[in-house]
Amino acid sequence: LIHLLSLDRLPRDILTHILDTATSFVGMNEREVKKVPLLRGKSVFNLFFENSTRTRTTFDIAAKRLSADVFTLDIGRSSTSKGETLLDTVDNLSAMAADLFVVRHSQSGAPYLIAQHVAPHVHVVNAGDGWHSHPTQGLLDMYTIRHYKQDFSNLVVAIVGDVLHSRVARSDIHALKVLGCPEVRVVGPRTLAPAGFESMGTRVFDNLQEGIRDADVIIMLRLQNERMSGALLPSREEYFKTFGLTPEKLAWARPDAIVMHPGPINRGVEIDSAVADGPQAVILSQVAFGIAVRMAVMAIVAGNDA
Ligand code: CP
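Bear in mind the structure is a predicted one, so any value in this text is a computation, not a measurement. (Residues numbered from 1 in each chain as written. Predicted model: local features only at pLDDT ≥ 70, side-chain atom pairs only at ≥ 80, totals over all residues.)

Asks: Report on the sheet that holds strand S3 (residues 100-105), specifying residues and quantitative values.
Replies: Read across the sheet, four strands follow the order S2-S1-S3-S4 without closing on themselves; strand pairing throughout is parallel. In this open sheet, the two strands that pair with only one neighbour each are strand S2 (69-73) and strand S4 (123-129). On average, each strand axis in the sheet is inclined to that of its neighbour by 15°, with strand direction left out of account. Here S3 pairs with S4 via five bridges, running parallel. What sits directly across from Phe-101, in S4, is Val-124. Packing against the sheet, helix H11 (residues 283-302) makes contact with strand S1 (43-48), S3 and S4, and its axis sits at approximately 145° to S4. (Pairing = 2+ DSSP bridges. Helix = DSSP H or I, 4+ residues; strand = E, 2+ residues; numbered from the N terminus. Axes fitted to C-alpha atoms, helices over the stretch in contact; angles between N-to-C directions. Contact = placed C-beta atoms within 7 Å.)

Here it is in structure tokens:
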């Protein structure tokens, strides 16, 4: 693996290898992540052209735990505001001896463009591109599910909300199918969870009760207002009434169901605080696991260079 741009074509053994490598970095306490010298002497550049709290920070921590030198370009204060192109920016940072670029961009495909452009010894990891893909979120979600449910072979997983605009949902669906999850459900209003998702091997529901009935794992998604025109955007109150996850509605799932969310959460829109802060939520564990998973990805793509 030279780059990680998407989970689309990754076979099961590679996904499992990444998850197992992440496990090897975690200590006795699940939030304790070891520092290792695997990327000592390497330079990791974080290029976040779109805002981020979790992904950017955990990539930063992960690169430091791998002993790499880490540089996070402040895009808002960079020369992109003077008209410098994406590839010119990359060329200039490559001239500073970058070994790995971590790229988030609102345009689907931007990390691919960079991967095609850089020298063969330079690696690219996609940290979320448009609606397309968020492979490390998909991997940390699989790590979280495996941590709490051990294996995927009997699970019902429901992905609820604005699936249409969700790069996380696309990455999760690919990974769940490859890892052998027998039932992946997509749940939401038809405008945001269209029947087209059936071609990805999911069952599509526009009724929350049917969609989460007996689910083992519920992945809640926020309404991505920034990617919607007015016609698609439901009112927050109406949406919460119909698809917002409250403790009463959570009771439709299995009693030991876990509730996940990639963040940021919008309390009172897709999820009630009593669920987000409740005993079945594993949302902050997802964030913590993101460090080891991103370490594993960077160590695997960039760790074997001469
Ligand atoms: N899950 C996720 O990508 O969060 P951020 O946008 O904060 O990185």
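Asks: Pulling in residues and values, what's your account of the site of the ligand?
Replies: Close to the ligand lie Ser-52, Thr-53, Arg-54, Thr-55, Arg-56, Gly-128, Gln-137, Pro-262, Gly-263 and Pro-264, which account for all nearby residues. Top element by residues in the shell around the ligand is helix H2 (residues 54-65). It accounts for three residues. Here the residues of the shell around the ligand are counted per class, giving two nonpolar, six polar and two charged. Three or more residues apiece are contributed to the shell around the ligand by two domains, here domain 1 (12-133 + 290-302) and domain 2 (135-286). (Near = placed C-beta within 6 Å. Nonpolar A, V, L, I, M, F, W, Y, C, P; charged D, E, K, R; others polar. Domains from an automatic or database assignment.)

Asks: Got a sec to walk through H11? Specific residues and values, please.
Replies: In this model, H11 (20 residues) spans 29 Å end to end at C-alpha, consistent with the 28 Å of a helix rising 1.5 Å per residue. Approximately 30° is the largest bend angle found in H11, and it occurs at Gly-290. (Expected span 1.5 Å × (residues − 1). Bend = angle between axes of the 7 residues up to and from the residue.)

Asks: Any chance you could break down the pairing of strand S6 (residues 183-187) for me, citing the residues and the numbers?
Replies: Counting buried residues along S6, four of its five residues qualify, which places the element largely inside the surrounding structure. Of the strand pairs in this sheet, strand S5 (residues 156-160) and S6 are connected by five bridges, and their pairing is parallel. Paired with Ala-158 across the bridge in S6 is Arg-185. With three bridges joining them, S6 and strand S7 (residues 203-205) adopt parallel strand pairing. Residue pairing in the sheet places Val-186 in a bridge with Val-204 of S7. (Buried ≥ 20, exposed ≤ 12 C-beta atoms within 10 Å, placed from the backbone.)

Asks: An account of the packing of helix H1 (residues 12-25) against helix H5 (residues 135-149) is needed here, citing residue identities and associated values.
Replies: Relative to each other, H1 and H5 sit at 70°, their axes nearing to 10 Å. In this view, H1 runs roughly perpendicular relative to H5, as classed from their interaxial angle. You can see that H1 and H5 cross each other, and the crossing is right-handed. Contacts between H1 and H5 involve Leu-15, Ile-18, Leu-19 and Ala-22 from the former and Leu-139, Met-142, Tyr-143 and Arg-146 from the latter. Grouping the constituent residues of the contact of H1 with H5 by class yields seven nonpolar, no polar and one charged. (Parallel < 35°, antiparallel > 145°, perpendicular 65-115°, else oblique. Left-handed = near helix turned anticlockwise from the far one by under 90°.)

Asks: Let's hear about the domain arrangement of the chain: which residues, and what values?
Replies: Reports of interface size often rely on the accessible area that becomes lost once the parts have come together. Annotation of the chain at the domain level lists domain 1 (12-133 + 290-302) and domain 2 (135-286). Of note, the centres of domain 1 and domain 2, computed from C-alpha atoms alone, are 26 Å apart. Contacts between domain 1 and domain 2 engage 20 residues on the former and 18 residues on the latter. Listed by contribution, the elements that provide at least two residues to the side of domain 1 that touches domain 2 are H1, S4 and H11. Among the residues making up the side of domain 1 that touches domain 2, the classes are represented as nine nonpolar, seven polar and four charged.

Asks: Can you lay out the UniProt feature "binding site: carbamoyl phosphate" (unreviewed entry) in the chain for me, pointing to particular residues and giving the numbers?
Replies: With numbering aligned to this structure, UniProt lists the feature "binding site: carbamoyl phosphate" (unreviewed entry) at Arg-54, Thr-55, Arg-104, His-134, Gln-137, Gly-263 and Pro-264. For Thr-55, the position within the fold is in helix H2. Residue classification places Thr-55 among the buried residues on the basis of 25 C-beta atoms within 10 Å. (UniProt positions renumbered as here; feature names shortened; annotations may be inferred.)

Asks: Describe the pairing of S4, and please don't skip the residues or the numbers.
Replies: Taken across its seven residues, S4 has seven buried, putting it largely inside the fold. For the crossover that starts at S3, traverses helix H4 (residues 110-117) and ends in the parallel S4, the hand is right-handed. (Right-handed = clockwise from strand over helix to strand, strands pointing away.)

Asks: Before we move on, could you go through the confidence of the model for the chain and cite the residues and values that matter?
Replies: Here the chain shows a mean pLDDT of 95. Residues at 70 or above account for 99%. In the model output, the complex is listed with pTM 0.96 alongside ipTM 0.98. (pLDDT = per-residue confidence, 0-100.)

Asks: Can you break down unusual backbone geometry residue by residue, with the values?
Replies: Among all residues except glycine, the phi angle is most often negative; among peptide bonds, the trans geometry is most common. In this chain, Gly-263 is followed by Pro-264 through a cis amide linkage whose omega measures -5°. Following the sequence through the fold, Pro-264 ends up in the loop between strand S9 (258-260) and helix H10 (273-276). If you check the backbone angles, Ser-67 has positive phi at about 70° while not being a glycine. Unlike most non-glycine residues, Ala-97 shows phi in positive territory, near 70°. Following the sequence through the fold, Ala-97 ends up in the loop between helix H3 (86-94) and S3.

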